Structures are given as C-alpha cells and as structure tokens.
Amino acid sequence: MSPSALLIVGLSLLAGSLAASSPLPVLLACAPILVCLLRRGEGRLVLAALGCLVLGLARASLAVDRFEVRRVMARDALGAPARCAGEGVIVASPTLVRDAVQLQVEFEQLDCEGHRVNGPILTRLYGGSNHAGRGDRLRAVMQLAPLRLFRNADLPNPVYAAAVRGVLLSGSVLAMEVVATGHGWRRVVDRAREHARSRIVATFSPAAAALGRALVLGENDLSDEDGDAFRRSGLAHLLAVSGTHLVFAVVALVRALSWALARIERLAATVDAGRLSAAAGVGLALLYADFAGGSGSAWRAAWMLTAGFTVRVLGRHPDAHCALGASLVTGSVVEPLAAFDVSFVLSALATGGLLVFNAPLATRARCIRHVPLRLLALSLTATTSAMVPCAPLLALLGPTLSIAGLFANVLAAPVGETAALPLCLAHTLLWFWPGLERGVALAASGALLVVRQVAQFSAALGWAAVTVPPPGAWHLALLGTCAGLLLLTRSSLRRGQVALCLVAAALGLAAIEIGAVCAGRPRALLRVTVVDVAQGDALLVDLPDGSLMLIDGGGFVGSPVDPGRAAILPLLRARRRDRIDVAVLTHAHPDHLIGLRTVLGQVKATELWTSIVTERQGATRDLAEWLADLRRSGVRVLGPGQLCNRPHTFGHASVRVLGPCPGPGDGRGLNDNSLVLQVRFGRRAALLPGDAERLEESELVRAYGSGLKADLLKAGHHGSRTSTSPEFLSLVRPSTVVISSGVRNRFGHPHALTLDRLTRAGVSVARTDRMGSVVWQTDGESVSVRTFSEPR
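Just so we're clear, the structure is a prediction, and the values are computed from it rather than from any experiment.

What counts, and where the lines are drawn
- The numbers attached to residues start from 1 for each chain and follow its sequence in the written order.
- This being a predicted model, a pLDDT of at least 70 is required before a residue's local features are given, and a value of 80 or more before pairs of side-chain atoms are given or counted; all residues contribute to the totals for chains, interfaces and linings.
- To get the side-chain values, all heavy atoms of the structure are used, and hydrogens and water are removed first.
- The criterion for a disulfide is a pair of cysteine sulfur atoms lying within 2.5 Å.
- Helix and strand assignments follow DSSP, with helices taken as H or I runs no shorter than four residues and strands as E runs no shorter than two, numbered in order from the N terminus.
- The rule is simple: take the accessible area with a 1.4 Å probe, protein chains only, and divide by the maximum for that residue type; under 20% is buried, over 50% is exposed, in between is partly exposed.
- In this scheme, a helix's expected span is set at 1.5 Å multiplied by one less than its residue total.
- Pairs of N or O atoms within 3.5 Å make up the polar contacts considered here, provided that, within protein, one atom can donate a hydrogen while the other can accept it, and that residues adjacent in sequence are counted only when both atoms are side-chain atoms.
- Candidate patch residues must exceed 30% relative accessible area and have no salt bridge, after which like charges are joined if within 9 Å and Val, Leu, Ile, Met, Phe, Trp or Tyr side chains if within 5 Å.
- A 1.4 Å probe and the Shrake-Rupley method give the accessible areas. Residues count as covered only by the protein chains that appear here.
- A pair is scored as a salt bridge if a Lys or Arg side-chain nitrogen falls within 4 Å of a carboxyl oxygen belonging to Asp or Glu.
- Whether two aromatic rings pair depends on their centres lying within 6.5 Å, for rings of Phe, Tyr and Trp, where Trp uses its six-membered ring; planes under 30 degrees apart make the pair stacked, over 60 edge-to-face, and the rest tilted.
- The rule is simple: put a 1 Å grid over the protein atoms alone, call a set of points where a 1.4 Å probe fits but cannot get out a cavity, call an open set with protein on both sides within 12 Å along at least five of seven lines a pocket, and count a residue as lining if it has an atom within 4 Å of a point.
- Grid points are joined across faces, edges and corners, and a volume is the space filled by probe spheres set on the points.
- All amino acids are sorted into three groups, where Ala, Val, Leu, Ile, Met, Phe, Trp, Tyr, Cys and Pro are nonpolar, Asp, Glu, Lys and Arg are charged, and the leftover types, Gly among them, are polar.
- At least two bridges found by DSSP between two strands are what make those strands a pair.
- With axes taken as lines fitted to C-alpha atoms, and helix axes fitted only over the stretch in contact, angles between N-to-C directions fall between 0 and 180 degrees.
- Convention used here: a crossover is right-handed provided that the path from the first strand, over the helix, to the second strand proceeds clockwise when the strands point away from the viewer.
- Joining through side-chain atoms within 4.5 Å is the link that ties buried Ala, Val, Leu, Ile, Met, Phe, Trp, Tyr and Cys residues into a set, and such a set is a nonpolar core.
- A contact between two residues is defined here by any heavy atoms of the two lying within 4.5 Å.

Section: the state of the cysteines
Part 1 of the reasoning: For the structure on display, the rule yields two disulfides.
Part 2 of the reasoning: The disulfide bridge from Cys-84 ends at Cys-112, spanning 2.1 Å between sulfur atoms. Here the S-S torsion is close to 110°, and the disulfide linking Cys-84 with Cys-112 is therefore right-handed. One end of the pair, Cys-84, is in strand β1 (residues 82-90); the other, Cys-112, is in strand β3 (residues 100-112), and 28 residues separate them in sequence. Of the two residues, Cys-84 and Cys-112, neither departs from the other in class, the shared state being buried.
Part 3 of the reasoning: A disulfide bridge connects Cys-644 with Cys-661, and the sulfur atoms are separated by 2.0 Å. Residues Cys-644 and Cys-661 share a disulfide whose torsion about the S-S bond is about -85°; that sign makes it left-handed. Pair noted here: Cys-644 is in the loop between α23 (640-643) and β15 (648-650) and Cys-661 is in the loop between β16 (653-659) and β17 (676-681), with a separation of 17 residues, a long-range link.
Part 4 of the reasoning: Owing to a relative accessible area of 8%, Cys-644 belongs among the buried residues under this scheme.
Part 5 of the reasoning: The structure places no disulfide on Cys-482, whose sulfur is separated from the nearest cysteine sulfur, that of Cys-501, by 7.7 Å.

Quick word on helix α12 (residues 320-334)
Part 1 of the reasoning: The end-to-end C-alpha distance of α12, which contains 15 residues, comes to 21 Å, matching closely the 21 Å that a straight helix rising 1.5 Å per residue would cover.
Part 2 of the reasoning: Within α12 the residues assigned to the buried category are Ala-323, Leu-324, Gly-325, Ala-326, Ser-327, Leu-328, Val-329, Gly-331 and Ser-332.
Part 3 of the reasoning: For α12, the N-terminal cap is Asp-319; the gap from its side-chain oxygen to the backbone nitrogen of His-321 is 3.0 Å.

Regarding a nonpolar patch on the surface
Part 1 of the reasoning: Judged by side-chain polarity, Leu-429, Trp-431, Phe-432, Trp-433 and Leu-436 come together as a nonpolar surface patch covering roughly 590 Å² of accessible area.
Part 2 of the reasoning: With respect to the secondary-structure elements, Phe-432 resides in the loop between α16 (404-427) and α17 (434-459).

Concerning the packing of aromatic side chains
Part 1 of the reasoning: Throughout the structure, instances matching the rule amount to four aromatic pairs.
Part 2 of the reasoning: Seen in terms of ring centroids, Tyr-288 and Phe-291 are 6.3 Å apart; in terms of plane orientation they differ by 40°. Their pairing is tilted. Within this pair, Tyr-288 and its partner Phe-291 are both found in helix α10 (residues 273-291), separated by three residues, close to a single helical turn.
Part 3 of the reasoning: Judged by its relative accessible area of 10%, Tyr-288 is buried.
Part 4 of the reasoning: Between Trp-431 and Phe-432, the ring centres sit 5.7 Å apart and the planes meet at 90°, which makes this aromatic pair edge-to-face.

Some thoughts on empty space enclosed by the protein
Part 1 of the reasoning: The full count for this structure, using the stated rule, is eight cavities of 30 Å³ or more.
Part 2 of the reasoning: Put simply, the largest cavity is a space of about 90 Å³.
Part 3 of the reasoning: Forming the walls of the largest cavity are 13 residues, and the residues nearest its centre are Leu-147, Leu-149, Asp-532, Val-743 and Asp-769.
Part 4 of the reasoning: Here the lining of the largest cavity is built from residues that sort into four nonpolar, three polar and six charged.

As for the pairing of strand β9 (residues 526-530)
Part 1 of the reasoning: For β9, a buried count of five out of five residues is recorded, marking the element as mostly surrounded by other parts of the structure.
Part 2 of the reasoning: Where β9 lies against strand β22 (residues 774-778), five bridges are found, and the strand directions are antiparallel. Bridge pairing in β22 places Thr-529 opposite Val-775.

Comments concerning the sheet that holds strand β21 (residues 764-767)
Within a beta sheet, neighbouring strands are joined by backbone hydrogen bonds and run either parallel or antiparallel to one another.
Part 1 of the reasoning: Taking strand neighbours across the sheet as the criterion, the seven strands line up as β15-β16-β17-β18-β19-β20-β21 in an open arrangement whose pairing is mixed. Across the chains shown, the open sheet's two edge strands, defined by having one partner strand only, are β15 and β21. Adjacent strand axes in the sheet meet at a mean angle of 20° when their direction is disregarded.
Part 2 of the reasoning: Of the strand pairs in this sheet, β16 and β17 are connected by six bridges, and their pairing is antiparallel. Residue pairing in the sheet places Gly-659 in a bridge with Val-676 of β17.

Considering the pairing of strand β18 (residues 684-688)
Part 1 of the reasoning: Counting buried residues along β18, five of its five residues qualify, which places the element largely inside the surrounding structure.
Part 2 of the reasoning: With burial as the criterion, each face of β18 is covered, one bearing Arg-684, Ala-686 and Leu-688 and the other bearing Ala-685 and Leu-687.
Part 3 of the reasoning: One ladder, built from five bridges, connects β17 with β18; its direction is antiparallel. What sits directly across from Val-679, in β18, is Ala-686.
Part 4 of the reasoning: Here β17 folds back onto β18, and the loop between the two strands holds two residues, one of which, Gly-682, carries a positive phi near 60°.
Part 5 of the reasoning: Pairing of β18 with strand β19 (residues 712-714) involves two bridges; the strand directions are parallel. Residue pairing across strands places Leu-687 opposite Leu-713, the latter belonging to β19.
Part 6 of the reasoning: Running through helix α24 (residues 694-704), the crossover from β18 to the neighbouring parallel element β19 is right-handed.

Some points on the nonpolar core
Part 1 of the reasoning: Of all hydrophobic cores here, the largest spans 108 residues; its most connected members are Leu-110, Val-250 and Tyr-288.
Part 2 of the reasoning: Per element, the largest residue contribution to this core is nine residues, and it comes from helix α11 (residues 296-313).
Part 3 of the reasoning: Apart from residues no more than four positions distant in its own chain, Tyr-288 is found in contact with Val-216, Val-241, His-245, Leu-246, Ala-249, Val-250 and Leu-425.
Part 4 of the reasoning: Counting residues in each nonpolar core, the second largest holds 35 residues, with Leu-548, Leu-550, Ile-568 and Val-637 among its members.

Quick look at the side chain of Gln-535
Part 1 of the reasoning: Position of Gln-535 relative to the elements: it lies in the loop between β9 and β10 (539-542).
Part 2 of the reasoning: Within the structure, the side chain of Gln-535 is placed 3.0 Å from the backbone nitrogen of Gly-742, a separation counted as a polar contact.

Brief notes about the pattern of salt bridges
Two side chains bearing opposite charge may form a pair once their charged atoms approach each other closely.
Part 1 of the reasoning: Enumeration according to the criterion identifies 37 salt bridges in this entry.
Part 2 of the reasoning: Between Asp-224 and Arg-98 there is a salt bridge, and its shortest N-O distance comes to 3.2 Å. One end of the pair, Asp-224, is in helix α7 (residues 224-233); the other, Arg-98, is in the loop between β2 (95-97) and β3, with 126 residues separating them in the sequence.
Part 3 of the reasoning: Relative accessible area serves as the criterion here: at 48%, Arg-98 is assigned to the partly exposed category.
Part 4 of the reasoning: Among the charged side chains, a salt-bridge network with shared partners connects Arg-98, Arg-193, Arg-197, Arg-213, Glu-219, Asp-221 and Asp-224.

Dropping the structure here:
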C-alpha cells in the first residue's frame, strides 16, 4: 500500500466515525473525493476507503450506543446524588486537579444507600491518595452523582466526547483504603509520574508549577486566567504533549543511543546501530506517551513515531505521510470514537498542515537574503502551516481566533520548545542531585513564565482577536471536500483553476452561513427553547419580529461549571446571536442568576426585566450593585411597576407580565416573587412562571382565571410538589409541559406527585434531565415540539 493510500484509509476510518454524528454531511463530503480517486484509476483504493468508511461508522455507532445504554442505566439506578460504597480498580493514571488527586476507578458493583448499581461502572473520583496508581484495588466510600451533560439543540452532541472518556458517575472520596497494590509496567509509570509531580511542586516556582506539570505530565490544571490566555493567544499547543515532545524526549534518546552503539566496534561490525536504536525507540515512544498522560495527541504522536521507527528497523526509509496515516489507522482501531477526541484531531490536523504546506512555503522563505527576516519567515511559515488546518476546529471551540497568535508563536515557541521543554524533561532525571535539580527547576520556571507572559500579552490584544462563528457540520463538510479535492488534484491544476475552486468554496460557505443565520433568527415564528442547563432555568425566546429574549441563565453555587459559559453562550454563537433585546431575571436565586450574569457580561442587552430592582424591595447588595452596573452600561432595568398591566409587543406577538403585580409582595420567598410571563402569538401561547409556587399561583388564578390558558407551560420550580397545583393546571390547560431540572439535583425534582398530576391531566411532559433541551415552536396556528433526543 502506498503512503498516500494508507493516509486515505486512516482518514476514511475517521470520517466513518464522524458519520455516526452527522451522516449526511460526512457522506456527501466523501463522495466527490471518492469519485476523484475513481477517475484516477484508483478503484481498489476507493473500495478500501468505502469499506473503512462503513467500518468506522459501524464501530462508532456501536460504541456510542453501548455507552448511552450504560450511562442511562447508571443514571436511573443511582437516581439522585447518593453516598455509595464499593470495591474497584484504578484504570487510569492519577492526576492532580486543584490540589486534589483525580482517579478513574472501575467498580464491579456499588451499594448506594440501600440499592445496588451493577457494573462495570467507570467513575471519576476527586480526593484520592497521592500514592495510588493503575492496578491498585481499593475500597472506597464516595458521594456520587450521575454524569452531567449539556445537551442542547444546534450544538454538537456531547455524548460522543463523553463516550471517549467512558465515565458514568463522578463524585468525591469520603474514605478510601487500598486493599491490593497493582503491579506491572503501568504501575511503574504511575510511580514515576508521582515522583515527577512531587518534585515539580517542591522545586518549581509556584506560578510555574502548573505549567510544568502540563508540559511534562499532561495535567490540565492551569488557573482560569492562564488557561484562557493560552487558548486565546493560540499557544495552548506549547503545553500539550505532542510530536514536539516526542522528538525531544524520544528521538534525542534514540540518536544518542545510536551514537553510543556505533562507538562499540565489535557491535557496530555485526549490527546496524541505527536499526537497533530504532527498535528501542518503538518502546520508548509508547512508554513516554503513557508517562506524559496518555492524551489523544500524545498517543497519535507516539504511533506516528512508532511507525517511523518500525520502518527504520525493517531497513527502509521512513515516509512522513505513511507514518501519519499509520497513526490515524492505529488511533481509529484502538478508539472507535477517535474523531471526537479534540486533542487527537488537532494533533493530526497540525501535523498534516506541516507536511502539506510547510515545505513549499519554506522554500520561498529561504529565498530571503536578510538572515533575521529569513528566520522570521521560516518560523511564520511553520506556525501558519500548523495553525491554518486547525482554525475551523478552534473556531468551534472558542468565539475568536487571534492574528497575534502567529507572532506569539514566533516569540514563545523557541523558548517553549528549545528551553522550557528540555529543561523540564531534564529536571525529572535530577532528583539525586538536589542542587542541580533546584537550578534546573529555576531555569525551567523562568522559561515557562516567559511563555506565560507572551500568552497573556497576546491574549490582551483585543484588536487582534477576530470574532468568528462556529462552523456547523455543513461548513466542515464543504471545507473537508475542498481540501481533499485540492490535495488530490494539486499537481494537475493551474493557478487560475485553483483560484476558481477557492472562490467556489467561499461562495458555498457564504450560502451555508446565510442559512445558519436565517435558522438562528426565525421570522414570523415564535420559538421557545428551554435550554439544558442542568438544575436551573434558562429559556431563549425568539419572537416573530426577530427579537430575542433570554429568561434566566441557570447556575450552581460553588461549582466550577458555569452554564452561562458552557451552554448559553455556545448556543447564542451557534444561532448567530450577538445581542439580546430583553433579558429576564425571574428571581435572584443562583440557579437562575449565575449564568445570566456571565452571559450579560459578554453579550449586550437592551433591557433587563426583573421582579426586585432595589435593596428596599429586598435585593441583596450584590444584586443591587450588579443592576447598577448594568444601568451604567446602558441597559434599561425595568421592574413590575413598569412592566405590569400592559402588553409588550414584538411584531405580532405580545408579552405580558402577569406577576408579581403591581410589585413584589412582602414577607414571601423569592420563588413566590418570580416574574411570570405569558407570550402570545396568534392562537397560541406560552406561560413561563419562573419558580412560582402555590402562593403566587393562587394569586394568578384569582387575577386571570381562564386568561392563563396556554399551549406550553414551563413547570414552576423545576417540577417541585409546591408548584403546578391542580387548580392552576386546570386553568392553564397546556398540551405540553416542560420541566427544567438536572440529573444531579438533590431536591427530588421533578417530584413524583407533580409527574402523576400531569399524567392524569393527559399532558405531554418533556424533561431536560432526560431529553435535553426542548424547542417549542409555532406560527400562530400549528405547533411543533422537538427535544434534543428527538432531532429533526
């Protein structure tokens, strides 16, 4: 098989894996490429590619289906978060996260407060022993909860990435005892990792220790500020274990071994020292990838290097394209969902870009006579070659791409790759010489802090950050098709034909983008999206005139997960919404407020509606200060006094504030002072009562009676037993009730009494904890309801 053929086979396996999530775009993207190969007389290769495409699709679909079955079974068996006990085996290298050890343990069975959860159950635990390692059998008592996923329409399905990790439950260790210590080379690697981690923490500058652990051990434990700076500056790859690490750590050792063996005359006379050292390199590459954390990028680079060494052992000259293809094939065989491992894909794209673009660009750069400019040009060509293929995926992960990242790489890459990385690797070998170890740690810390300073400076250049929309499946499919066709035909195309192809691709992308904008801003329709923010409320209301309302934003007290950042902002980006006409805070409980504050910190709003606007009405000082900040930024903050007793029109739709009117009541909880909205369009209406409970519901019943009638009801207070009273439900008479709750909630939401009441009323119930986001849409006459688990 030719090198290009092996690469096509690897890409076909990955494309088949992606087809499990987006079958039509992927298959249509592959069709022109296969036709092009067929016209070149590569019939056998086309058959092989088709077989790999089907194989990749079948294996990925089976893997994600199996994971979903196990996830749902574990979720239903555990129920609410509970204290569990069990005996299991550590199956992944321990890592350090926020000063707590993170373990992945596979349990055969769990006893959770009287009921059993049958295994195997892969569990992520925080707070384990510093000395634990793979193969250790432990007995533990834990506080566990089901896996939390934000599953929202118009966003990628998070189940595929979760299936790569395989974790079903997560929680904290309350007590743990190691009953048997593991053995084998994996346990030895984990001891080496533990030792390296402890020495980095002990000898590096505190500001650089997390950077050192990221570089050496692949532990992603940067502060939020540092992590954001490295992402926005385009320098995150310098801290990711990749091919560069393998070159320094493995290739350097292999060359040193080859040099040493060649100096042994008797051995050199009978054995090819290069082939012998290459054989050692195979084991070293795999060993180092495991020591460095075993990320997708580390294993891909290791497999590519292993392929090159293997060819060298066989007495042949390694080919980079063949080695890349071998790494893709191996990755797809080992992990059927490798295409959903972001680090694996980014590593492959960057390597492919270097192989395709760097050589021709570098040839032109070498023509520059002025040496400093030539060196700068060569550095820029390498950076550009690696970054351009990654740009679409990076646009999917974040809202901006930084032009300054190109120059930041020119400054930081030499320091990171030729100073920080070798020093950090050397540091792991110098524990026996404390003085030298401290000196190397000081030098490595300095190099890392220089890289961090470049990242922070680059990230602070707001003018250099280009806001880009996230590409959808069709964008990526068209880009993939164009890239494949251009690479296959580049030797036969003239410059004018290439330009024509690029113009056609740009027009196609523009057409797809226009479709995405129109889908994100529907006209003459009322669309209510109940966003999956786990335990909390967040609703996006698209009004017929194109206006947008955001009602609440979810949130978890004390949690590092912000649903505003994790769910709402990505959904706004996907729908091409950069402004909110009306933001609504129904009441100031954290599960409604935290995410909303995050969103309004990044997206401009025209108005904010809320039930309590002053400290005199009961607003906390923090809430009052936030509202004052919004006013100063130009947001109109309106309370019930300005909102009640009149409809607010948006095209042919009207929004009425039904409560608390004329203002918040004294001596009652925040829930019963929730802002209650009724949105009406044509013959259809939606009633959105926030967390209103029986007291406010009874006031609504007395004030409006049959005027509460609505087709859609968002259940009050997450379906608790204190809301959705029989009298209230009988007047609303909804056909659909949506309950916004999370799988990890400790409050028993939705309550069995409420669910039974809705069932007896013959209402269709949609739950975000079971179905993901819910989209209710009407043209004023007909109604459609779509959940994330039931896509279009």
